[in-house]
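# Summary of the model geometry
The lines below spell out each chain.
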Amino acid sequence: MIARLKEFASVPTNFADSHIVVDASVDDETAKFLVDTGAGSSMLDSAFVARRNLPVIETGTLGHGLTGRGLSGLTRVDSLRIGKAVSRNSAFAIGHIGGDGRNGQPVGLFAADYLANYDVEIDSAAGRLNLFSQDHCPGEVVYWAKEYFRLPVSLTPDKRLDVQIEIDGKTLRGMIDTGAGATLMRLAVARRLFGIDPDAAGVPHGLITGADAAKLDAFPHVFKSLSFGGITLHNTTVIVANVDSGNAGTRGIANDEQEDVIIGMPLLRQLHLFIAYSEPALYFTVAEPTRRRVKRPPPDRAGSEAGRRRLWPATSPGSARRPPSPASGNSGC
């Protein structure tokens, strides 16, 4: 008998500035949180921490913002609830999110350290975030469609989602980042591999802001093709910025420890995602705003992974893979 998906939580989602927002309860106060697969450490805004008089624990560097500036300082909350999922004595890094909560803006974010305890479904069209137990059969997760794409994932030490992508025929290291409001390329990569000059005449410049509250100069560039997991986008705009998600001082050079490209929500919002941290792999289909909702619990078996559907015209079909053998993984598979 095949193990069915066991749901721990199902909550509605909203979008604010291309970010996924959910309601959670922090010590019995309802607050808004971002869902950010690209961050290693879950975070609370310093203003919210101060208003709630939460403890502040001095720490070493817990992570880095886009500019490479270290994030330090830790707090804990007695009770954290999202849907039916409840955590006790939860730890959060302290950073800059949206304020103290009284203005209706998000006060925190759920990062990979929280999300990777589950397998996570993000259904942008239906507006749902679902958290599932990882005790299920590998590959048996896509209950809403007969055909789907599967993209192998490499988990970084802090559980971020690294994938292989291609841009204009060059193989790059990408990161699936639901916390990014744009798809970004590091300036060092743009210069080295594509000969892009940020100082060229006519290049419009703007600013982006990271969780460390620092601002970075950024500019758009249109690439002919961007491919991953069997789909290809054409004439895609990517924001190029002096991004440094590692140690300060590494910006402007080719740092092999960092992702080349951050795949953000303008693309991911068009997909129905299932992040199987337990495999690890990313399953996805094209989001269908008008489709009839599938009643949970999902069926015992997911559909075949034919790789025939296309979000954009593909230069070549995605390689079809069979789900893992029933003998692997869960003992009930």
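Refer to the structure presented above.
What you are looking at is a predicted structure, and each value in this text was computed from that prediction instead of being measured. (Residues numbered from 1 in each chain as written. Predicted model: local features only at pLDDT ≥ 70, side-chain atom pairs only at ≥ 80, totals over all residues. Heavy atoms only, no water.)

What follows covers the environment of Thr75. Relative to the helices and strands, Thr75 resides in strand S8 (residues 74-82). Residue Thr75 is classed as buried on the basis of its relative accessible area, which comes to 0%. It is 5.3 Å that separates the C-alpha atoms of Thr75 and Phe92, two residues lying 17 residues apart in sequence. With near-sequence residues (within four places) excluded, Thr75 lies in contact with Leu44, Val49, Leu54, Pro55, Ser90, Ala91, Phe92 and Ile94. In terms of polar contacts, Thr75 uses its side chain to reach the backbone carbonyl oxygen of Pro55, at 2.5 Å. (Helix = DSSP H or I, 4+ residues; strand = E, 2+ residues; numbered from the N terminus. Buried < 20%, exposed > 50% of the residue type's maximum accessible area, 1.4 Å probe, protein only. Contact = heavy atoms within 4.5 Å. Polar contact = N/O pair within 3.5 Å; in protein donor to acceptor, adjacent residues only side chain to side chain.)

When the charged atoms of two side chains lie near each other, side chains of opposite charge can form a pair. Tallying each qualifying case throughout the model produces 9 salt bridges. Between Glu29 and Arg51 there is a salt bridge, with the nearest N and O atoms lying 2.5 Å from each other. A residue pair is termed long-range when its members are at least 10 positions apart, and Glu29 in strand S4 (residues 29-35) and Arg51 in helix H1 (residues 46-51) qualify at 22 residues. Take Arg51: its relative accessible area is 30%, and that puts it in the partly exposed class. Of the charged contacts in the structure, one is a salt bridge between Glu259 and Arg173, with a shortest N-O distance of 3.7 Å. With a gap of 86 residues between them, Glu259 in the loop between strand S20 (231-241) and strand S21 (261-263) and Arg173 in strand S16 (residues 170-176) connect regions that are remote in the sequence. (Salt bridge = Lys/Arg side-chain N within 4 Å of Asp/Glu carboxyl O.)

Turning to the packing of aromatic side chains, a few remarks are in order. Taken as a whole, this structure holds 11 aromatic pairs when the rule is applied. A centroid spacing of 5.7 Å and a plane angle of 50 degrees characterise the contact between Tyr114 and Tyr118, whose relative ring orientation is tilted. Exposure class is identical for Tyr114 and Tyr118. Each is buried. An angle of 25 degrees between the planes, with centres 5.7 Å apart, marks the rings of Phe132 and Phe274 as stacked. Remark: Phe274 occurs in strand S22 (residues 271-276) and Phe132 occurs in strand S12 (residues 128-132); sequence separation between them is 142 residues. Considered together, Phe132 and Phe274 belong to a single accessibility category, that of buried residues. (Phe/Tyr/Trp six-rings, centres within 6.5 Å; stacked < 30°, edge-to-face > 60°.)

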